[in-house]
Amino acid sequence: MNKQIKSILLLFFLVIYTIGIAQKKEKLNAIYSGIPWHDDKGNTVSAHGAGIIKDNNRYYLFGEYKSDSTIDFTGFSCYSSSDLYNWKFEKIALPVQESGKLGLNRIGERPKVMKCPKTGEYIMYMHTDDLKYKDQCVGYATSKTINGVYTFQGALLFNGQPIKKWDMGTFQDTDGSGYVITHSGNLYKLSDDYKSVTEQIVKDMTKHCEAPVIFKKDNTYFWLGSGLTSWERNDNYYFTATSLKGPWISHENFAPKDSLTWNSQSTFALPIVGSKDTTYLFGGDRWAFPHQKSAATYVWQPLIVKDDVLSLPDYKENWQINTITGEWSNLTLKGTIIQNSDTKNIKYSDNWKKEPTKDSFTDNSSDAKGASFSVNFNGTQIGLYSVARPNGGYAQVEIQDAGGKTIQSNLIEMYCKYPESSLKYLSPILNKGNYKLIVTVTGEHGNWYKKDGTGFGSTGNFVSVDRIIVK
Ligand code: DGJ
């Protein structure tokens, strides 16, 4: 090749490389709770009632791929990440089946995957049910690879019979034995191939106790669970024991009383074992029925574990975990703050005002369907802090580019049984430029009922703006 062609080729590759670097977006550098997450394709991460498993130095998140309008099973999703901040959508790991326990018009919840040490197979366990939650059963599915499409195998059997329980979880002990836990305090030991149950270790230890989770630190086992309040949040509690057989000692809530577990329900606890420390990640769901796909969020917090005492003393909107060292640290979201009174930067349409409330917040809010506000900004990211209250509703959030094209759209929820102000939306990281944030009142809120008919949910459609942050 002559010299001139060589230099042209070199220049060409240099230009391509430079453009590549310039376009490479920054990645998220923290775990954020209470906001919709975006995957590598810009879609909302939908993995609720989830479980996490580490495999080959990567974390795999399996969860309910929720719908925005029904409670029907719409598949289990699989996402993967190396840092627990940025999630790649792998696939629908278990789609709706043609018929049977996970066919149309059925419930499929709380998928949890474990790798069977004996066979090397990946086994996914889940709760299957009818739409009235009257045909509950623990089912399982298998795959040769962690991120494959799992084959549904039907009911997990104990003495030839299905386990007729609803909320469930799994636990793998340090000796490789696998366990399935269900609501009301039941613990079952799995066979060597993880495909049936050989023994019931704990029977009806407690009343209710949904969303069960077990993890172990040193020689202590921790069993977490929630009260039975449908999609409503409650103060989750825990038990401890030095043997899985018990005796299990009952403790009260691990998050401050009446924080309602920082508005979440337990779904997993992941030990992040590093070179210097082990952090126990509490994974919780902040349900947002009926718009679960868009508006239900994740509450992931570092659990403080001291001897046999668990706590989540404060709510961390964002924090960092080093998956190599296992250490976690606090992080403050930095940027330019725009207060809600700044009408130069926030353009309100319709009637947004400070409602006379009994709380101390000074946010602007509106419940008028279609009312909106917008903020033009130059930067790479925008966030919205709002007050959630018992009369909170849904808001539609949009980001438009300089040409007025919508490049991001999300539904968020502002319901909480007690008033609290926190980050409710954070845009994906954008290429630096001019954008517009538009937030609109949808005029909707969620209501739902538990099995005995008790009603829950919001009393109004309020959307609030406490402040805006621009990065
Ligand atoms: C609470 C459970 O923990 C969830 O998984 C789900 O089944 C809801 N109840 C349904 O109301």
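Throughout what follows, the structure given in this document is the object of discussion. What you see is a predicted model, and the numbers here were worked out from it, not measured in a lab.

### Things to note about the environment of Phe254
So, step 1. Position of Phe254 relative to the elements: it lies in the loop between strand 19 (249–253) and helix 2 (260–263).
So, step 2. For the pair Phe254 and Thr297, spaced 43 residues apart in the sequence, the C-alpha separation amounts to 20 Å.
So, step 3. In contact with Phe254, not counting residues within four places along its chain, are Leu224, Asn236, Tyr237, Tyr238, Thr261, Phe282, Leu303, Leu310, Ser311 and Leu312.

### Let's talk about the side chain of Glu121
So, step 1. Summarising the element assignment, Glu121 is placed in the loop between strand 6 (106–115) and strand 7 (122–130).
So, step 2. Here the side chain of Glu121 touches Lys195 through a polar contact of 2.8 Å, side chain to side chain.

### Examining the sheet that holds strand 22 (residues 297–306)
Strand pairing in a sheet relies on backbone hydrogen bonds. The paired strands run either parallel or antiparallel.
So, step 1. Pairing within the open sheet is antiparallel, and its 4 strands lie in the order 20-21-22-23. Whereas interior strands pair on both sides, the edge strands pair on one side only; in this sheet they are strand 20 (265–273) and strand 23 (309–311). Sheet twist, expressed as the average angle between the axes of neighbouring strands with direction ignored, equals 30°.
So, step 2. Taken together, the 3 bridges between strand 22 and strand 23 define a ladder with antiparallel strand orientation. Looking across to strand 23, one finds that Ile304 is bridged to Ser311.

### A few points about the nonpolar core
So, step 1. Ranked by size, the top nonpolar core spans 28 residues in total, and within it Ile52, Leu61, Leu84, Trp87 and Trp300 carry the most contacts.
So, step 2. For this core, the secondary-structure elements that each account for two or more residues are strand 1 (31–32), strand 2 (48–55), strand 3 (58–64), strand 20, strand 22, strand 24 (318–321) and strand 33 (420–426).
So, step 3. Mapping this core onto the domain boundaries places at least three of its residues in each of domain 1 (31–330) and domain 2 (336–470).
So, step 4. Setting aside its immediate chain neighbours within four residues, Leu84 contacts Ile31, Ile52, Tyr59, Leu270, Ile272, Leu281, Trp300, Ile321 and Thr323.
So, step 5. If you look at the next biggest cluster of nonpolar residues, it comprises 24 residues, including Ile338, Leu437, Val463 and Ile468.

### With respect to the pairing of strand 16 (residues 210–217)
So, step 1. Counting buried positions along strand 16 yields 7 of 8 residues, so the element is predominantly enclosed.
So, step 2. Where strand 16 folds back onto strand 17 (residues 220–226) in an antiparallel hairpin, the turn is made up of 2 residues, including Asp218, whose phi is positive at roughly 50°.

### A few points about the environment of Asp40
So, step 1. Secondary-structure assignment places Asp40 in the loop between strand 1 and strand 2.
So, step 2. For the pair formed by Asp40 and Trp87, sequence separation is 47 residues and the distance between their alpha carbons is 6.2 Å.
So, step 3. If near-sequence neighbours (up to four positions away) are discounted, Asp40 is found in contact with Trp87, Lys88 and Phe89.
So, step 4. Of note is the side chain of Asp40, whose polar atom sits 3.5 Å from the side chain of Lys41.

### Details of the pairing of strand 18 (residues 237–241)
So, step 1. Burial of strand 18 is extensive: 5 of the 5 residues sit out of reach of the surface.
So, step 2. Burial of the side chains of strand 18 extends over both faces: Tyr237, Phe239 and Ala241 are buried on one face and Tyr238 and Thr240 on the other.
So, step 3. In terms of strand pairing, strand 18 meets strand 19 through 4 bridges, oriented antiparallel. Residue pairing in the sheet places Tyr238 in a bridge with His251 of strand 19.

### Some points on the packing of aromatic side chains
So, step 1. One pass over the structure, following the stated rule, counts 27 aromatic pairs.
So, step 2. For the ring pair Tyr79 and Phe89, a centre distance of 5.2 Å and an interplane angle of 65° mean the geometry is edge-to-face. Taken together, the positions of Tyr79 in strand 4 (residues 76–81) and Phe89 in strand 5 (residues 88–94) put the pair 10 residues apart, joining distant regions of the chain.
So, step 3. Judged by relative accessible area, which is 21%, Phe89 ranks as partly exposed.
So, step 4. Centroid distance Tyr237 to Phe239: 6.1 Å. Interplanar angle 80°. Geometry classified as edge-to-face. With respect to burial, Tyr237 and Phe239 carry one shared label: buried.
So, step 5. Here the aromatic residues Trp37, Trp87, Phe268, Tyr298 and Trp300 are joined through ring pairs into a cluster of three or more.
So, step 6. The cationic tip of Arg467 hangs over the ring face of Tyr385; the distance from NZ or CZ to the ring centre is 3.9 Å.

Reading the values: the criteria
- Residues numbered from 1 in each chain as written.
- Predicted model: local features only at pLDDT ≥ 70, side-chain atom pairs only at ≥ 80, totals over all residues.
- Heavy atoms only, no water.
- Helix = DSSP H or I, 4+ residues; strand = E, 2+ residues; numbered from the N terminus.
- Contact = heavy atoms within 4.5 Å.
- Polar contact = N/O pair within 3.5 Å; in protein donor to acceptor, adjacent residues only side chain to side chain.
- Pairing = 2+ DSSP bridges.
- Axes fitted to C-alpha atoms, helices over the stretch in contact; angles between N-to-C directions.
- Core = buried A, V, L, I, M, F, W, Y, C linked by side-chain atoms within 4.5 Å.
- Buried < 20%, exposed > 50% of the residue type's maximum accessible area, 1.4 Å probe, protein only.
- Domains from an automatic or database assignment.
- Phe/Tyr/Trp six-rings, centres within 6.5 Å; stacked < 30°, edge-to-face > 60°.
- Lys NZ or Arg CZ within 6 Å of the ring centre and 35° of its normal.

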